[in-house]
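Listed below, chain by chain, are the residues.
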Amino acid sequence: KFEFNPKDGIDNPALTLTEDTDDEGIGEPRFYLLSKGSTETFGFHLNEELGCQGHIVRQVELGGVAQRRGLQDGDRLLQVNGQFVDHMDHRRVVQKIKASGNQVLLAVLDGGSYEAAKALGRDLSELLPADVRPRLCHITRDKSGFGFSVSSPEGKEQWDGGAVTLHDVLPCSAQPLLLPAGVKGTFQLSVQQDGPAERAGVPPGSWLLELNGASVRSFSQAQLTRKLKQSGSKVTLLVASSAVEEFYRLRGLRVTATLADTSWLPFKARELQMVKGPAGYGFLLKEDDCKSGGIGQFLWDVDAGLPAEQAGMREGDRLLAVNGESIEGLDHQQTVLRIRAHHDRVTLLVIDPAGDEFYHSVG
């Protein structure tokens, strides 16, 4: 017990001042954007261990992608591509990482902080931002145009598919448009209520990051005008709210279409769940060239009335994943073995040719 003696003053070495806080010992979550080649791994294992809670990072490969970015042994995984996973089944979390392909955004907490937060009964999702995903939006113009205007440091560009007119963002007596610190050449969007852009999912006041798969960060207003006019009747935008843009900028992370929320797009990958019948699944898998320049696995000769057709398979679909795991980088034989691994049932993720071409066009 310490008894204060005024003669000793505040420098009494026996006195230690600490804040009385429930968050004592809990650090901040860390975010890592991992990018790898198609033949590489992310360079770590994710374990669940007896007597320990959470999804635990182990065997961080020396010199690998994860180690170079800063992932550490014992970290607990909290988010995969912006989705909270601490409460999820371990196998499902592993599948989410594998299904990410060659790029994944992870949020982790060091082991000590994780255990301290659990001991205090903290809701770990509250430590994380609610939304960290940019959004891909595909807009088809109507009679009034695309339904958005673009503000830049130079002024405001109102584009309706025809002539482009420039005018001031605000009256001369108003304050000039302010951009987030450190952002150069970024354009902000104003969205017409119930117009094509709003219906396509563009949030008002969001920042334009890419146009038809090309970054606009270094574009001048004239370049953006020209690109918009060349888009014809349809345009695809990668946009981020101010909060999302700031999240990436403060952490030195580049926002890419790979991480985007694609739920607003008209092009969807389809999940086909099939149980093998007496005559098999009823399709052929063929290896062929992709429009992207690589090699892909395509589905053909879909037999009428058999499980593949009943599940919704269409001729020319490209196979993306088998049982929740991306097949990117696998050859034909390896893909066939994946399909056969569960004997009489399989779940395939596929996309039709139009969707495949669209996603390639926007990166």
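Reading the values: the criteria
Residues numbered from 1 in each chain as written. Predicted model: local features only at pLDDT ≥ 70, side-chain atom pairs only at ≥ 80, totals over all residues. Heavy atoms only, no water. Helix = DSSP H or I, 4+ residues; strand = E, 2+ residues; numbered from the N terminus. Buried < 20%, exposed > 50% of the residue type's maximum accessible area, 1.4 Å probe, protein only. pLDDT = per-residue confidence, 0-100. Contact = heavy atoms within 4.5 Å. Phe/Tyr/Trp six-rings, centres within 6.5 Å; stacked < 30°, edge-to-face > 60°. Lys NZ or Arg CZ within 6 Å of the ring centre and 35° of its normal. Salt bridge = Lys/Arg side-chain N within 4 Å of Asp/Glu carboxyl O. Core = buried A, V, L, I, M, F, W, Y, C linked by side-chain atoms within 4.5 Å. Domains from an automatic or database assignment. Patch = residues over 30% accessible without salt bridge, like charges linked within 9 Å, V, L, I, M, F, W, Y side chains within 5 Å. Areas by Shrake-Rupley, 256 points an atom, 1.4 Å probe, with all protein chains shown as cover. Lys, Arg positive; Asp, Glu negative; His and termini not counted. Charge placed at Lys NZ, Arg CZ, Asp CG, Glu CD. Arc of directions from axis to C-beta. Pairing = 2+ DSSP bridges.

An unreviewed UniProt entry lists the protein chain under the name NHRF4 protein, from Brachypteracias leptosomus.

Looking only at helices and strands, one finds nine helices and 20 strands in the protein chain. Within the span of the protein chain, comprising 363 residues, buried residues form 40% of the whole.

Let us now look at unusual backbone geometry. Of note in this structure, Asp301 is not a glycine but carries a positive phi near 50°. One can find Asp301 in the loop between β17 (295–300) and α7 (307–311). Classification of Asp301 by relative accessible area gives partly exposed; the value is 35%. Of note, the phi angle at Asn323 is positive, near 50°, even though the residue is not glycine.

Close inspection of predicted coordinates is inappropriate in any region flagged by low pLDDT. For the protein chain, per-residue confidence averages 83 on the pLDDT scale, and 83% of positions sit at 70 or higher. Averaged over each element, pLDDT in the protein chain is lowest for strand β10 (residues 164–167) (35) and highest for strand β3 (residues 55–58) (97). Confidence drops under a pLDDT of 50 for residues 7–21, and excluding neighbours within four residues, the segment shows five contacts in the predicted structure. Of the regions scoring below 50 in pLDDT, residues 156–185 engages in 63 contacts with residues more than four places distant in sequence or in other chains.

Considering all chains together, one arrives at six aromatic pairs under this definition. For the ring pair Phe247 and Tyr248, a centre distance of 5.2 Å and an interplane angle of 85° mean the geometry is edge-to-face. On the basis of relative accessibility, which here comes to 1%, the residue Tyr248 falls in the buried class. These aromatic residues form a ring-pair network of at least three members: Phe31, Phe247 and Tyr248. Residue placement shows Lys36 over the ring face of Phe42; its charged tip is 5.3 Å from the ring centre.

Looking now at the pattern of salt bridges. Per the counting criterion, the structure on display carries twelve salt bridges. Here Arg318 makes a salt bridge to Asp356, at a shortest N to O gap of 3.0 Å. Taken together, the positions of Arg318 in strand β18 (residues 318–322) and Asp356 in helix α9 (residues 353–361) put the pair 38 residues apart, joining distant regions of the chain. In this structure Asp356 comes out as buried when scored by relative accessible area, which is 15%. Connected through salt bridges with shared partners, the residues Glu49, Arg58 and Asp73 form a single ionic network.

In this structure, Gly363 sits in the segment after α9. Note: C-alpha distance between Gly363 and Asn212 (151 residues apart in sequence) is 8.8 Å.

What follows deals with the nonpolar core. In this structure, Leu105, Leu136 and Tyr248 are the most contacted members of the largest nonpolar core, which totals 27 residues. Contributing elements (two or more residues each) for this core: β1 (30–35), β6 (103–109), α3 (111–119), β14 (234–240) and α6 (242–250). Of the domains in this structure, domain 1 (30–127) and domain 2 (130–153 + 184–266) are the two that each give at least three residues to this core. Contact partners of Tyr248, with chain neighbours within four places excluded, come to Leu105, Val132, Arg133, Pro134, Leu253, Arg254, Val255 and Leu259. Among the nonpolar cores identified, the runner-up in size contains 20 residues, and Cys137, Val191, Leu208 and Val216 belong to it.

Quick look at the side chain of Asp75 now. Within the fold, Asp75 resides in the loop between α1 (65–69) and β4 (76–80). We classify Asp75 as buried; its relative accessible area is 2%. When neighbours within four sequence positions are excluded, Asp75 is seen to be in contact with Arg30, His55, Ile56, Val57, Val108, Leu109, Asp110 and Gly111.

Bringing a negative patch on the surface into the picture now. Among the surface-exposed residues, Glu287, Asp288, Asp289 and Asp331 lie close enough to one another that they form a single negatively charged patch. Overall, Asp289 belongs to the exposed group, its relative accessible area being 56%.

Each α-helix winds once per 3.6 residues, and so residues spaced three or four apart point in a common direction. The complete set of buried residues in helix α5 (residues 221–229) reads Gln221, Leu224, Thr225 and Leu228. Around the axis of α5, the buried residues are gathered within 105° of arc, so they sit on the same side.

To continue, consider the pairing of β3. Where strand β2 (residues 45–47) meets β3, three bridges bridge the pair, whose relative direction is antiparallel. When the bridges of β3 are listed, Asn47 appears paired with Ile56. As paired elements, β3 and β4 share two bridges and run antiparallel to each other. Paired with Ile56 across the two strands is Arg76, which belongs to β4.

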